[in-house]
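Here is how the chains run, residue by residue.
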Amino acid sequence: MSNKNKTVLTMKTVKIITLLILTLSATSIFAKSDFCRGFEIGYKTVKGNMSIVPICPIAPITPIGSTPYQEGIKAGIRAAG
């Protein structure tokens, strides 16, 4: 294999890896958990729909009889209050 072929192969590999990383990071950025959706709703319930919602906190362990969404609403209301 000549030097030119190695460079082309390396560039293709870099492009594929970069594309893969961008694709995976984009899906994780736009995928919201139930807790974060609830947090946003709870926060906007107190502050209004036009408010800027802070970064969603780490979801706590969900108690028995509740859902992550309900716990997110509670956390959003506490954060806004």
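Preceding this paragraph is the structure being described.
Here's what I pulled together on the structure shown here.

A full pass over the atoms with the stated rule returns one disulfide. Here Cys36 is linked by a disulfide to Cys56, with a sulfur-sulfur distance of 2.3 Å. Negative torsions about the S-S bond denote left-handed disulfides, and the value of about -95° found for Cys36 with Cys56 makes this one left-handed. Here Cys36 is found in helix α2 (residues 34–47), whereas its partner Cys56 is found in the loop between α2 and α3 (68–80), with 20 residues between them in sequence.

One pass over the full model with this rule turns up one aromatic pair. Between Phe39 and Tyr43, the aromatic rings sit 6.3 Å apart at their centres with planes inclined by 25°, giving stacked as the arrangement. Separated by four residues within a single helix, Phe39 and Tyr43 lie in helix α2, roughly one turn from each other. Phe39 sits in the buried class, given a relative accessible area of 3%. On the basis of relative accessibility, which here comes to 11%, the residue Tyr43 falls in the buried class.

The rules behind each value
Residues numbered from 1 in each chain as written. Predicted model: local features only at pLDDT ≥ 70, side-chain atom pairs only at ≥ 80, totals over all residues. Heavy atoms only, no water. Disulfide = S-S within 2.5 Å. Helix = DSSP H or I, 4+ residues; strand = E, 2+ residues; numbered from the N terminus. Phe/Tyr/Trp six-rings, centres within 6.5 Å; stacked < 30°, edge-to-face > 60°. Buried < 20%, exposed > 50% of the residue type's maximum accessible area, 1.4 Å probe, protein only.

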